[in-house]
Amino acid sequence: MKRIGILTGGGDAPGLNAVIRAVVLTAINRYGWEVIGIRQGFDGLLSGLPTVKLDELAVRDLLLRGGTILGAVNRGNPFMRKLTKPDGTSEMVDVADEVLRRMDDLKLDALIAAGGDGTMAAALRLVEMGARIVGVPKTIDNDLANTDVTFGFDTALVTATEALDKLQTTAESHDRVMVLEVMGRNAGWIALTTGVAGGADAILIPEIPFSVEVVCNKIKELFANGQHYALVVVAEGAHPISGEQQYLIKGDAIYEARLGGVGYLVGNALQDCTGAEVRVSVLGHVQRGGQPTPRDRWLASRFGVASVQFVAESKWGYMVALHGTKIAAAPMKDVIDIKRVDPQGEMVQTARSLGIVFG
Ligand code: F6P
């Protein structure tokens, strides 16, 4: 009998609980193994938080629950942990050995780490030090390389499209230009798909630096042709051709910079150049919360089951992935790069054929 651990790292995503459930049920039903939950990602191993016994009863109601019952942190890199010294100063320390020690103390035969690029990068380095870890990809941004899709993305897309649909009805009533800022740090998957699904007139994504004039001219043209409102979707990481990404809070060695503000930058510029009334909505973490869609529950369940199979096959350093319609094994070293929207690709061309501009 094996004893396996599971943790959820990075930002949460709808479907993580469905992964936990699938791991536990597969481990118990198919292999007769025991599963324990590690709280707060790798941080939980380091700070010695109590673990959670995961049996069939514990995961009974998890399929439709958003978030993660194990908790997640996006500062859990064991290779760079902030140590505050008694004199108040701090330094970055590598405490990866401690993770391996704690896994031994817990008598873990293997660890399943569900997370994004940061979690996979840390997991890979731990595997190189001898840890037995397999990965499960998650991010609402859908920007992990070497898997066609991640769970959480479909839920975010549904939430963002609903928001755009709602903005459309009020935009129409008031003859307004509505700007919707959605998540998407380095990749514009949410913005692109939401914009197409919700009938946007312009979509601004990190992969295509924009010129506000192009959007402005598009809106003026629409208005001249009798359309009296317009919808613009902006990814939080989009930036002007000759400008930077917009940040609310600067980052440091532990925390990534917090993006935000590009929606207002675009909205103000559009108001000035079109003369139309413009309103800006920032969707924020609403798109990361709530019940996973059936599609995300299905994908998360497949990933969870496959990750236990990977443990049975000793596929250390591999991440479960979806290639086409099939589950595949992606080496963690190949998933650390970001998967971006191809500016020349079919998806952008599809949007352009529908008359959508990208600035
Ligand atoms: O999950 C990815 C993501 O949603 C990014 O698009 C966003 O920039 C980031 O997480 C925000 O995360 P947090 O506010 O939890 O740091």
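Conventions and cut-offs
- Along each chain, residues carry numbers from 1 onward, in the same order as the chain's sequence is written.
- Given that the model is predicted, a residue must reach a pLDDT of at least 70 before its local features are reported, and side-chain atom pairs must reach 80 or more before they are shown or counted; all residues, however, enter totals for whole chains, interfaces and linings.
- The basis for every side-chain value is the complete set of non-hydrogen atoms in the structure, without hydrogens or water.
- Throughout, the edges of the domains are those of an automatic or database domain assignment.
- Contact between two residues is taken to exist if any of their heavy atoms lie within 4.5 Å; hydrogens are not considered.
- Here the buried area means the combined drop in accessible surface, using a 1.4 Å probe, for two parts upon being joined, counting both sides.
- Salt bridges are defined as contacts in which a side-chain nitrogen from Lys or Arg sits within 4 Å of a carboxyl oxygen from Asp or Glu.
- Throughout this description, a polar contact denotes any pair of N or O atoms lying within 3.5 Å of each other; where both atoms belong to protein, one of them has to be capable of donating a hydrogen while the other can accept it, and for residues adjacent in sequence the pair is counted only when both atoms sit in side chains.
- Here a helix means four or more residues in a row that DSSP labels H or I, a strand means two or more in a row labelled E, and each is numbered from the N terminus.
- Here the nonpolar group is Ala, Val, Leu, Ile, Met, Phe, Trp, Tyr, Cys and Pro; Asp, Glu, Lys and Arg are the charged ones; every other residue, Gly included, is treated as polar.
- In this scheme, a residue with accessible area under 20% of its type's maximum is buried, one over 50% is exposed, and one in between is partly exposed, where area comes from a 1.4 Å probe on protein chains only.
- A positive count includes Lys and Arg, and a negative count includes Asp and Glu. His and the chain ends are not counted in either.
- If even one non-hydrogen atom of a residue comes within 4 Å of a molecule or strand, that residue is called near it.
- Accessible surface is estimated by sampling points in the Shrake-Rupley manner with a 1.4 Å probe; for residues, cover comes only from the protein chains shown.

### Remarks on the domain arrangement of the protein
By a frequent convention, interface size equals the accessible area lost on bringing the separate parts together. If you check the domain split of the protein, you get domain 1 (3–151 + 292–334) and domain 2 (154–288). Using only C-alpha atoms to locate each centre, domain 1 and domain 2 end up separated by 33 Å. Taken residue by residue, the interface counts 17 residues in domain 1 and 15 residues in domain 2. Sorting the residues of domain 1 by area buried against domain 2 places R75, I140 and D141 first, and these three jointly supply 36% of that buried surface. When the shortest N-O distance is used, the salt bridge between R295 and D154 registers 4.0 Å. Linking domain 1 with domain 2 are six residue pairs in polar contact (both at pLDDT 80 or more). Mapped by element, the contributors of at least two residues to the side of domain 1 that touches domain 2 are β4 (81–84) and α9 (294–312). Here the side of domain 1 that touches domain 2 is composed, by residue class, of five nonpolar, four polar and eight charged.

### Focus: the side chain of E236
Inspection of the secondary structure puts E236 in the loop between β10 (230–235) and β11 (247–249). Among buried Asp, Glu, Lys and Arg side chains, E236 stands out as unpaired, with R185 the closest opposite charge at 5.1 Å. Within polar-contact distance, the side chain of E236 engages the backbone nitrogen of G184 at 3.0 Å. At a separation of 3.4 Å, a polar atom in the side chain of E236 contacts the main-chain amide nitrogen of R185. Beyond its immediate stretch of four places on either side in the chain, E236 contacts E181, V182, M183, G184, R185, L259 and V262.

### Examining the site of the ligand
Around the ligand lies a shell formed by N74, I140, D141, M183, G184, R185, E236, H285 and R288. Backbone polar atom of G184 to an oxygen atom of the ligand: 3.4 Å apart, as the coordinates give it. The contact in question runs from an oxygen atom of the ligand to an N or O atom on the side chain of R288, over 2.9 Å. Against a free-state accessible area of 400 Å², the protein chains account for coverage of 77% of the ligand. Across the shell around the ligand, the residue classes break down as two nonpolar, three polar and four charged. Both domains that meet at the shell around the ligand, namely domain 1 (3–151 + 292–334) and domain 2 (154–288), each give it at least three residues.

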